[in-house]
Amino acid sequence: MDVRTENRPTGMETHRKRILTGDRPTGRLHVGHYVGSLRSRVALQDKYDSFIEIADIQALTTDFEQPEVVAENVHQVCLDYLAVGLDPEKVTIFVQSAVPEIAELTVFYSLITSVNSLRHNPTIKTEAAERGYTSLSYGFLGYPVSQAADITSVGAHLVPVGDDQLPHIELTRDIVRRFNALYGPVLVEPQALVGECPRLVGLDGGGKMSKSKGNGISLSDAPELVRAKVKSAVTDPQRLHAHDPGHPEVCVVHTYHRYLGEGARGSEALADFERSCRAGAIGCAACKENLTRSLNTLLAPARERRRYYEERPGFVKEVLAAGITRVRGEAALTVSRVKSALRLVQF
Ligand code: SF4
């Protein structure tokens, strides 16, 4: 049977389609992660068999000089997942480095991946430019191949992504098609599940929100810290007095209102708020206070859940151990099939 046409993992019966997503554990997750992916993952957990990877090896492709940061944040990212409402009864959370089969698959896929396809990958080029890399490590250049191994190890059918990640999914699909054409129908060809994945700009307005730039609001920030951070956010530079007409389209606070504040209450509420700004009817201080209230209301249940799990570190370890066991079982089947297809001796 041709699994490409059946679109299901070889030898694995599943009633629900599988999806795979994940994050690099370079810091605690922030509200940018929430609007970009976490809230859709929570919505998808009832519909799909969801695998969520804490990609620690991938984090080391950029943060190799600070392995202690990556190690500490594996646990923190898992806490953030549980805090936002991902339910370990419904999703499988695992750590990339604890599944050596993924590293094996990465080696096999590297055999049929050209260096040029990686060099010309637009996401790699953009990320390298943003980080100021003049020379790329083998691991950084090859991380999309490792992503292909992540995705195919569990036979994921769908990969939720934003537009910027599409080249990586295309590369995975190329690898799968090439492998299946050369050696037989072994791997499931995944599709991108493109949803609305807004990228929040950082508080300083100088690019996307990121832990390394220190310009984000973490999901675990205390209410007063959220208030202080929102106060520091860049607004419309042309607006010098509270009654000056504002330009929400250039204001960081407006972006947050759109996805986390007024916009979350509906398009009319957002339009009203924008009108007030343009008319100079609301001052920036009051606008920021409104946003702080919205954010703290949104984050309150996540803080409470986080506290609950922080007091139960044994439970978090169990969640990860169970996820790793499940993924290793699936990935071992995939490796075995891949090795058979490659006529490699298995002992
Ligand atoms: S009122 Fe709000 S949206 Fe308008 S410029 Fe000030 S902070 Fe930005």
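None of these values were measured; they are calculated from a predicted model.

Definitions and cut-offs
Residue positions are counted from 1 within each chain, in the order its sequence is given. Side-chain atom pairs in this predicted model are given and counted only at pLDDT of 80 or more, local residue features only at pLDDT of at least 70, and totals for whole chains, interfaces and linings cover all residues. As a rule here, side-chain values come from all non-hydrogen atoms in the structure, and water together with hydrogens is ignored. Centres within 6.5 Å make a pair out of two Phe, Tyr or Trp rings, where for Trp the six-membered ring is used; the pair is then stacked when the planes are under 30 degrees apart, edge-to-face when over 60, and tilted otherwise. Strands are runs of DSSP state E lasting at least 2 residues, helices are runs of H or I lasting at least 4, and numbering of each runs from the N terminus. The rule is simple: take the accessible area with a 1.4 Å probe, protein chains only, and divide by the maximum for that residue type; under 20% is buried, over 50% is exposed, in between is partly exposed. Only when the NZ of Lys or the CZ of Arg is both within 6 Å of the ring centre and within 35 degrees of the ring normal is a charge said to sit over the ring. Method remark: on a 1 Å grid restricted to protein atoms, a set of points is classed as a cavity if a 1.4 Å probe fits but cannot get out and as a pocket if it is open with protein on both sides within 12 Å along at least five of seven lines; lining residues have an atom within 4 Å of a point. Grid points are joined across faces, edges and corners, and a volume is the space filled by probe spheres set on the points. In the scheme used here, Gly and all other residues not listed as nonpolar or charged are polar, with Ala, Val, Leu, Ile, Met, Phe, Trp, Tyr, Cys and Pro taken as nonpolar and Asp, Glu, Lys and Arg as charged. We call a residue near a molecule or strand as soon as one heavy atom of that residue lies within 4 Å of the molecule or strand. Criterion for pocket placement: a molecule counts as inside a cavity or pocket if more than half of its atoms are within 2 Å of its grid points. Note that the domain bounds reflect an automated or database-derived domain assignment. Contacts between residues were defined by any pair of non-hydrogen atoms, one from each residue, lying within 4.5 Å. When two components associate, each loses some accessible surface as probed by a 1.4 Å sphere; the sum of these losses over both components is called the buried area. We count a salt bridge whenever a side-chain nitrogen from Lys or Arg sits within 4 Å of a carboxyl oxygen from Asp or Glu. We call two N or O atoms a polar contact when they sit within 3.5 Å, provided that within protein one can donate a hydrogen and the other can accept it, with sequence-adjacent residues counted only if both atoms are side-chain atoms. A residue's pLDDT is simply how confident the predictor is in it, with values from 0 to 100. Each pair of strands is called paired provided DSSP finds at least two bridges between the two strands. Looking down the strands as they point away from the viewer, one classifies a crossover as right-handed if the path from the first strand across the helix to the second runs clockwise. All axes are obtained by fitting lines to C-alpha atoms, using only the stretch in contact for helices, and the reported angles, taken between N-to-C directions, cover 0 to 180 degrees. The cut-offs work like this: below 35 degrees is roughly parallel, past 145 is roughly antiparallel, 65 to 115 is roughly perpendicular, and the gaps in between are oblique. Handedness of a crossing follows from how the near helix is turned relative to the far one, being left-handed for an anticlockwise turn of less than a right angle and right-handed for a clockwise one.

What follows concerns the packing of aromatic side chains. Going through the model one piece at a time under the given rule, you end up with six aromatic pairs. Where Tyr109 meets Phe179, the ring centres are 6.3 Å apart and the plane angle is 70°; that geometry is what we call edge-to-face. Within this pair, whereas Tyr109 is found in helix H5 (residues 100–110), its partner Phe179 is found in helix H10 (residues 166–183), the two being separated by 70 residues in sequence. Residue Tyr109 shares its accessibility class with Phe179, and that shared class is buried. Following the ring pairs from residue to residue traces out a cluster consisting of Tyr109, Phe179 and Tyr183. The ring centre of Tyr143 lies 4.8 Å from the NZ or CZ of Arg24, which sits over that ring.

On to the layout of surface pockets, then. In this structure, the second largest pocket encloses a volume near 480 Å³. For the lining of the second largest pocket, the element with the highest residue contribution is H5, accounting for six residues. Here the lining of the second largest pocket is built from residues that sort into 12 nonpolar, 11 polar and no charged.

At Arg343, a position not held by glycine, the phi torsion is positive, near 60°. Secondary-structure assignment places Arg343 in the segment after helix H15 (313–341).

Further remarks concern the site of the ligand. By nearness alone, every residue bordering the ligand is listed as Thr235, Asp236, Arg239, Cys251, Val253, His254, Phe273, Cys277, Ile282, Cys284 and Cys287. Structurally, the ligand is housed in the largest cavity. Within the residue set of the shell around the ligand, elements represented by two or more residues are helix H12 (252–260), helix H13 (267–278) and helix H14 (284–310). Taken together, the residues of the shell around the ligand sort by class into seven nonpolar, two polar and two charged.

A word on the domain arrangement of the protein. Split into domains, the protein comes out as domain 1 (3–200 + 313–341) and domain 2 (223–307). Using C-alpha coordinates to define each centre, domain 1 is positioned 34 Å away from domain 2. Contact with domain 1, which involves 15 residues of that partner, is made by 11 residues of domain 2. Counting the surface lost from both domain 1 and domain 2, the interface buries some 1000 Å², and carbon and sulfur atoms represent 65% of this. Three residues, Val31, Ala83 and Leu200, lead the burial of domain 1 against domain 2; their summed loss comes to 45% of the area buried on that side. The tally of links from domain 1 across to domain 2 stands at one salt bridge. Across the pair Arg306 and Asp80 runs a salt bridge, and its minimum N-O distance is 3.1 Å.

Our focus in this paragraph is the pattern of salt bridges. Within this structure, the stated rule accounts for 23 salt bridges. Measuring nitrogen to oxygen at the nearest pair gives 2.8 Å for the salt bridge that ties Asp46 to Lys90. Taken together, the residues span a long stretch of sequence, with Asp46 in the loop between helix H2 (31–44) and strand S2 (49–54) and Lys90 in the loop between helix H4 (67–84) and strand S3 (91–95) at a distance of 44 residues. Owing to a relative accessible area of 52%, Asp46 belongs among the exposed residues under this scheme. In the salt-bridge network here, residues are joined through shared partners; they are Glu170, Arg173, Asp174, Arg177 and Glu189.

What follows deals with the side chain of Arg18. Its location among the elements puts Arg18 in strand S1 (residues 18–23). Separated by 3.2 Å, the side chains of Arg18 and Glu330 make a polar contact.

Here the focus is the confidence of the model for the protein. Across the protein, pLDDT averages 91, with 96% of residues at or above 70. In the model, residues 1–13 has pLDDT below 50 throughout and makes 34 contacts with residues more than four positions away in sequence or in other chains.

On to the side chain of Arg24. Along the chain, the position of Arg24 falls in the loop between S1 and H2. Polar side-chain contacts of Arg24 include one of 2.9 Å to the side chain of Gln58. A distance of 3.3 Å separates a polar atom in the side chain of Arg24 from a polar atom in the side chain of Tyr143. In this view, Arg24 contacts Ala55, Gln58, Ala59, Thr62, Glu127, Arg131 and Tyr143; residues no more than four positions away in its chain are not counted.

For the rest of this paragraph, the subject is the pairing of S1. Taken across its six residues, S1 has five buried, putting it largely inside the fold. Sheet analysis places S1 next to S2, joined by six bridges and oriented parallel. Paired with Leu20 across the two strands is Phe51, which belongs to S2. Handedness of the crossover joining S1 and S2 through H2 is recorded here as right-handed.

Let us look at the packing of H5 against helix H9 (residues 143–153). It is at 8 Å that the axes of H5 and H9 come closest, and there the two elements cross at 120°. Comparing the axis directions of H5 and H9 gives the class oblique. In the crossing of H5 with H9, the sense of the turn from one axis to the other is right-handed. Of the residues in H9, those in contact with Ile102, Leu105, Thr106, Tyr109 and Ser110 of H5 are Val145, Ser146, Ala148, Ala149, Asp150, Thr152 and Ser153. When its residues are assigned to classes, the contact of H5 with H9 shows six nonpolar, five polar and one charged.

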